[in-house]
Amino acid sequence: MSRPVLATRFKNAVGRGPHEYLTARRIELAAERLRQGEGTVASIAHSVGYGSDSALSTVFKRVMGTSPRDDYRGHPSTEAADLF
């Protein structure tokens, strides 16, 4: 199966493209781990598939509207579950 066909089928089944879904899922996992105090931003970034804490921070802020450190400190943010 070609990549475009797979992406189209995925979008039809899930309601969003594979890249968009993966990004939302990674951010959901990162937010959950931050709130539970499961490590540093850098260690969580690596555990959810980002190469650095700055890469995670950039995407996290775009998706959640706040930085991971602010989210960790309990500032209000969009619920990641709303992304699905």
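Above this text is the structure in question.
### Topic: the packing of aromatic side chains
Alright, step 1. For the structure shown, the criterion picks out one aromatic pair.
Alright, step 2. Ring centres of phenylalanine 10 and tyrosine 21 lie 5.8 Å apart, and the angle between their planes is 65°; on these two criteria the pair is classed as edge-to-face. Of this pair, phenylalanine 10 sits in helix H1 (residues 3-14) while tyrosine 21 sits in helix H2 (residues 18-35), and the two are 11 residues apart along the sequence.
Alright, step 3. With a relative accessible area of 25%, phenylalanine 10 lands in the partly exposed category.
Alright, step 4. Here tyrosine 21 falls in the partly exposed class, since its relative accessible area comes to 30%.

### A word on a nonpolar patch on the surface
Alright, step 1. On the surface, a nonpolar cluster with roughly 310 Å² of combined accessible area is contributed by Met1, Val5 and Leu6.
Alright, step 2. Mapped onto the elements, valine 5 comes out in helix H1.
Alright, step 3. Judged by its relative accessible area of 35%, valine 5 is partly exposed.

### Observations concerning the pattern of salt bridges
Alright, step 1. On inspection of all chains with the given rule, the structure shows three salt bridges.
Alright, step 2. The partner of glutamate 28 in a salt bridge is arginine 25, with the nearest N and O atoms 2.6 Å apart. Here glutamate 28 pairs with arginine 25, and both are found in helix H2, just three residues apart, close to one helical turn.
Alright, step 3. A relative accessible area of 33% means that arginine 25 is categorised as partly exposed.
Alright, step 4. The salt bridge involving arginine 69 is made with aspartate 53; its shortest N-O contact spans 3.6 Å. Pair noted here: arginine 69 is in helix H5 (residues 68-72) and aspartate 53 is in helix H4 (residues 53-64), with a separation of 16 residues, a long-range link.

Thresholds, definitions, all that
Residues numbered from 1 in each chain as written. Predicted model: local features only at pLDDT ≥ 70, side-chain atom pairs only at ≥ 80, totals over all residues. Heavy atoms only, no water. Phe/Tyr/Trp six-rings, centres within 6.5 Å; stacked < 30°, edge-to-face > 60°. Helix = DSSP H or I, 4+ residues; strand = E, 2+ residues; numbered from the N terminus. Buried < 20%, exposed > 50% of the residue type's maximum accessible area, 1.4 Å probe, protein only. Patch = residues over 30% accessible without salt bridge, like charges linked within 9 Å, V, L, I, M, F, W, Y side chains within 5 Å. Areas by Shrake-Rupley, 256 points an atom, 1.4 Å probe, with all protein chains shown as cover. Salt bridge = Lys/Arg side-chain N within 4 Å of Asp/Glu carboxyl O.

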